[in-house]
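Each chain, written out:
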Amino acid sequence: MASKQSLIDSILILADSSLILAQRLGEWCGHGPVLEQDMAMTNIALDYIGRSRLLYQYAAQLQGEGKSEDDLAFLRDVGEYKNLLLVEQENGHFGHTVIRQFFLEAFQFPFYDALQNSQDQTLKEIASKTIKETAYHLKWSTEWVIRLGDGTEESHQKIKTAITDLVPFTGELTQAVSCEKELIDQNIFPDYDEIKRKMDALINTAFKQAGLELPTQVYMHQGGKKGLHSELLGYILSDMQFLQRAYPGLEW
Amino acid sequence: MWPLFEIFIRAKNGLDHKHVGSLHAADAQMAIENARDVYTRRLEGVSIWVVESKHITASDPKDADPFFKPAEDKIYRHPTFYDLPDEVKHM
Amino acid sequence: METLLTAFQLPDLESRFQARIDAEDKIEPKDWMPEEYRKTLIRQISQHAHSEVVGMLPEGNWVTRAPSLKRKAVLLAKIQDEAGHGLYLYSACETLGVSRDQLIDELHSGKAKYSSIFNYPTLNWADIGAIGWLVDGAAIMNQIPLCRASFGPYSRAMIRVCKEESFHQRQGYEIMLTLSKGSKEQKAMAQDALNRWWWPSLMMFGPSDQDSKHSAQSMKWKIKRFSNDELRQRFVDMTVPQAELIGLKVPDDQLKWNEERRSYDFGEIPWDEFWNVVNGNGPCNKKRLADRVNAHNEGKWVREAAEAFAKKQAQRTDSKLKSN
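Residues numbered from 1 in each chain as written. Chains lettered and ligands numbered in written order. Predicted model: local features only at pLDDT ≥ 70, side-chain atom pairs only at ≥ 80, totals over all residues. Heavy atoms only, no water.

Draft legend 1. Geometry of the overall build of chain B. Secondary structure summary: chain B contains two helices and three strands in total. Starting at the N terminus and ending at the C terminus, chain B contains elements arranged as β-β-α-β-α. Taken over C-alpha atoms, the radius of gyration comes to 20 Å for chain B, far larger than the 12 Å a tight globule of 91 residues would show. Expressed along its principal axes, the backbone C-alpha trace of chain B runs to roughly 60 × 35 × 15 Å. (Helix = DSSP H or I, 4+ residues; strand = E, 2+ residues; numbered from the N terminus. Rg over C-alpha atoms; globule rule 2.2 N^0.38 Å.)

Set out below in structure tokens:
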């Protein structure tokens, strides 16, 4: 049986990644390239907030210390956050946001699909809700990768830059850390090698259609899942946690 | 600017698609997805049709009288036009 | 020939148009309408659409700082609704033969206006509550009669907007309620927000009836159903008891229940401030417009890319069809 701590830590990787990405997508609110896409990105952000809440609630329940979803979201510092480095990266231009989303969905689609067969009943239920959202997010981001890749010369260059900038943060996605390995052994999490094959296939298919190439021989950064982040996360958290930190212990 | 699309939504299976408004999209596929985010945020639909606005041909309001008035006096097309004895309950 | 005929028929067309309005018949886009009616609608609907879109910004400020996950989700959903409302309204406006690009150009060049309330800053979390409660409250007061506006697409858009907005005001008031039951600092936040948003909310109904230049004609065309002052009074009468209920003080020393009128008397609205903000000197006018202009300019390459891709795809489908 996997240790409870490993289960909690692995859930926090998913929960924190969802929340930090929602936080980033929320920054687009009111600033999108066209009103219709503003709404699309907000919808995605809302899906991610909802997902993070389910996951935090489950983690808090497993901890059994009487903490709430908000305690987990608002009262942990950078070192305790376990989100992927990819999701804390800045929005950049729309191409960066699209590529960040696409890489993540290309991982999450096979991941949550497989998680529907988890030995853990709660994760199984969360996965079966999440997979529907993820399928849509994957579709949205894939279509934009293709549009930007096969759009104008300018958009092609811009999305190429975004790929170069963000590929180094994709290695971590399918690189299991120790808490995840325990879960994989117990069939609570799916095997990451299989997920990686599917993820690569999704990326290659989309890139081929978009006339884009995935850079090889890239140095892959790691550490997010263990709490080793870029400097960016501190700013995200100080923004997000400001009220809870400045006025502790209150109802909002 | 992206072309304008008219959006039609089927609220639930068994009902007709109904015009709900319009939006801009680069192509029809994007129009469907935009319609999903713009017009079905509160479970308003189970199916979406989109058609580029320029492809809609509409009757001219100036023709409304010759078009629609002549139907006015043809009340014999309606079941209530016919008097039947009360004994015939359902017909 | 055509022009001669039109000129000849004009008085007739106008009286028939007015007769339809008087009979509460809806006017649809392709129907004949006086040029002034069309212009008034374009001005009013686009101003309304711009307000929804610019209105996303002061609240958008707080998306990343909302104090709980629930509040964050609610706030995002609310702002998203506003984008949607902007869109419904731009669509309604486009049926009058003007493109969204033109409308956006007019906003960005400063030619078109948007509601001045959004030129005020959101300084503390309670401002998000106050906006929902007061600003959306005032907006709803204005918008419910617009559901019966004589122009079909406008009326239909407003019905949709009003239906969706019913949660906006409630979530705002709930924020204020929670704060007013909270710590000393939270109560102070709520009071501070009410102090700053009260008068600008009253200004949202527009100038006093005697100073409102478009009112009479709009009433005759049934675009407008009630006067600015009437709606403002209703808003005050509705809102003051709500403030009292949560222990907040409306910042108006002259506010007093008038038993005879069965209404509240209230103090003089600072119209100097109103005109100052309308004329570009509010605390955030420059920032709001710059944000919109930047978003639009920075999105240009994205819109162009999607357009170019759509063209390529269409050509590919065409040549495939030809080769078959």
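Text resumes after the structure shown.
Draft legend 2. Just the packing of helix α1 (residues 4-26) of chain A against helix α8 (residues 178-185) of chain A, in detail. Residue and element names in this part refer to chain A. Their axes nearest at 8 Å, the elements α1 and α8 cross at an angle of 110°. For the element pair α1 / α8, the angle class is roughly perpendicular. Pair α1 / α8 crosses with left-handed handedness. Here Ser6, Leu7, Asp9, Ser10 and Ile13 of α1 come into contact with α8, specifically with Cys179, Glu180, Glu182 and Leu183. Here the contact of α1 with α8 is built from residues that sort into four nonpolar, two polar and three charged. (Axes fitted to C-alpha atoms, helices over the stretch in contact; angles between N-to-C directions. Parallel < 35°, antiparallel > 145°, perpendicular 65-115°, else oblique. Left-handed = near helix turned anticlockwise from the far one by under 90°. Contact = heavy atoms within 4.5 Å. Nonpolar A, V, L, I, M, F, W, Y, C, P; charged D, E, K, R; others polar.)

Draft legend 3. Fine view of the sheet that holds strand β3 (residues 47-52) of chain B. Residue and element names in this part refer to chain B. Judged by pairing direction, the sheet is antiparallel, and its three strands sit side by side in the order β2-β1-β3 without closing on themselves. One side of each edge strand has no neighbouring strand; the edge strands of this open sheet are β2 (17-24) and β3. Neighbour to neighbour, the strand axes of the sheet diverge by 25° on average, direction disregarded. Here strand β1 (residues 4-10) runs beside β2; their pairing, made up of seven bridges, is antiparallel. Its bridge partner lying in β2, isoleucine 9 is registered against lysine 18. (Pairing = 2+ DSSP bridges.)

Draft legend 4. Focus on the interface of chain A and chain C. Between chain A and chain C, the contact holds 48 residues from the first and 46 residues from the second. For the pair chain A and chain C, the number of links is three salt bridges. When the shortest N-O distance is used, the salt bridge between A:Asp150 and C:Lys312 registers 3.0 Å. Between the two partners, chain A and chain C, sit 15 residue pairs in polar contact (both at pLDDT 80 or more). Sorting the residues of the side of chain A that touches chain C by element identifies α1, α2 (35-63), α3 (69-74), α5 (94-115), α6 (121-149), α7 (153-166) and α10 (232-246) of chain A as the ones contributing at least two each. (Salt bridge = Lys/Arg side-chain N within 4 Å of Asp/Glu carboxyl O. Polar contact = N/O pair within 3.5 Å; in protein donor to acceptor, adjacent residues only side chain to side chain.)

Draft legend 5. Quick peek at the interface of chain C and chain B. Of the residues lining the interface, 20 residues belong to chain C; the matching set on chain B comes to 18 residues. With both sides pooled, the region where chain C packs onto chain B buries about 1,700 Å², and carbon together with sulfur makes up 52% of that total. At the boundary of chain C and chain B, one finds four salt bridges. Notably, a salt bridge pairs B:Arg41 with C:Glu164, separated by 2.9 Å at the nearest N-O pair. Seen at the junction of chain C and chain B, the total is eight residue pairs in polar contact (both at pLDDT 80 or more). Every element with two or more residues in the side of chain C that touches chain B is listed here: α4 (69-94), α5 (100-108), α7 (152-180) and α13 (300-323) of chain C. Ranked by residues supplied to the side of chain C that touches chain B, first place goes to α4(C) with seven residues. A breakdown of the residues in the side of chain C that touches chain B according to their chemical character gives seven nonpolar, three polar and ten charged. (Buried area = accessible area lost by both parts, 1.4 Å probe.)

Draft legend 6. Molecular detail of helix α8 (residues 184-203) of chain C. Between its terminal C-alpha atoms α8(C) stretches 30 Å, which fits the 28 Å expected from 20 residues at 1.5 Å a residue. Its axis deflected by about 35° at C:Trp197, α8(C) carries its strongest bend there, up to four residues before the proline C:Pro200. Taken as a whole, α8(C) has its buried residues at C:Gln186, C:Met189, C:Ala190, C:Ala193, C:Leu194, C:Trp197, C:Trp198, C:Trp199, C:Pro200, C:Ser201, C:Leu202 and C:Met203. Turning to α8(C), the residues buried within the fold contact α10 of chain A together with α6 (126-146), α7, α10 (228-245) and α11 (271-281) of chain C. (Expected span 1.5 Å × (residues − 1). Bend = angle between axes of the 7 residues up to and from the residue. Buried < 20%, exposed > 50% of the residue type's maximum accessible area, 1.4 Å probe, protein only.)

Draft legend 7. Main features of the packing of aromatic side chains. Residues and elements named next belong to chain A. One pass over the full model with this rule turns up 27 aromatic pairs over all chains. Between phenylalanine 102 and phenylalanine 207, the aromatic rings sit 5.9 Å apart at their centres with planes inclined by 25°, giving stacked as the arrangement. Of this pair, phenylalanine 102 sits in helix α5 while phenylalanine 207 sits in helix α9 (residues 192-210), and the two are 105 residues apart along the sequence. Three or more aromatic residues link up through ring pairs in this structure, and these residues are Phe107, Phe111, Tyr112, Phe189 and Tyr192. The ring of tyrosine 48 is capped by arginine 51, whose NZ or CZ atom sits 4.4 Å from the centre of that ring. Taking the ring centre of tyrosine 81 as reference, the NZ or CZ of arginine 76 above it sits at 4.5 Å. (Phe/Tyr/Trp six-rings, centres within 6.5 Å; stacked < 30°, edge-to-face > 60°. Lys NZ or Arg CZ within 6 Å of the ring centre and 35° of its normal.)

Draft legend 8. The arrangement of the packing of α2(A) against α5(A) in detail. All names here are of chain A. For the pair α2 and α5, interaxial distance at closest approach is 13 Å and the crossing angle is 45°. As the angle between them shows, α2 and α5 are arranged oblique. Considering only the axes of α2 and α5, their crossing is left-handed. In this structure, α2 uses Met41, Ile44, Tyr48, Arg51 and Leu55 to contact α5, whose residues at the interface are Phe94, Thr97, Gln101, Leu104, Glu105, Gln108 and Tyr112. In terms of residue class, the contact of α2 with α5 is made up of seven nonpolar, three polar and two charged.

Draft legend 9. View of the pattern of salt bridges. Following the criterion strictly, the structure yields 46 salt bridges over all chains and no others. A salt bridge links C:Glu106 to C:Lys111, with the shortest nitrogen-to-oxygen separation between them at 3.4 Å. Across the salt bridge formed by C:Arg261 and C:Asp265, the nearest N and O atoms sit 2.7 Å from each other. Residues participating in the shared-partner salt-bridge network are A:Lys139, A:Glu143, A:Arg147, B:Asp27 and B:Glu33.

Draft legend 10. Region of the structure containing unusual backbone geometry. The phi dihedral of A:Gln217 falls on the positive side, at around 55°, and the residue is not glycine. Within the secondary structure, A:Gln217 is located in the loop between α9 and α10. Positive phi is not limited to glycine here, since C:Lys222 has a value of about 55°. Note on C:Lys222: relative accessible area 19%, which makes it buried.

Draft legend 11. Layout of α10(A). With 15 residues, α10(A) extends 21 Å from end C-alpha to end C-alpha; this agrees with the ideal 21 Å at 1.5 Å per step. Along α10(A), the sharpest change in direction is near 50° and occurs at A:Met240. Taken residue by residue, α10(A) has A:Leu233, A:Ile236, A:Leu237, A:Met240, A:Gln241, A:Leu243 and A:Gln244 as its buried positions. Those residues of α10(A) hidden inside the fold are in contact with α1, α3 and α4 (85-88) of chain A together with α4 and α8 of chain C.

Draft legend 12. Quick look at the state of the cysteines. Residue and element names in this part refer to chain C. In the structure shown here, the tally under the stated rule is zero disulfides over all chains. For cysteine 93, which is in no disulfide, the shortest distance to another cysteine sulfur is to cysteine 147 and amounts to 17 Å. Between cysteine 162, a cysteine without a disulfide, and cysteine 147, which holds the nearest cysteine sulfur, the sulfur-to-sulfur distance is 3.6 Å. (Disulfide = S-S within 2.5 Å.)

Draft legend 13. View of the environment of C:Ala308. Of note, C:Ala308 is situated in helix α13. Along the sequence, C:Ala308 and C:Val161 sit 147 residues apart, while their C-alpha atoms lie 33 Å from each other.

Worth remembering: the numbers are spatial, not functional.
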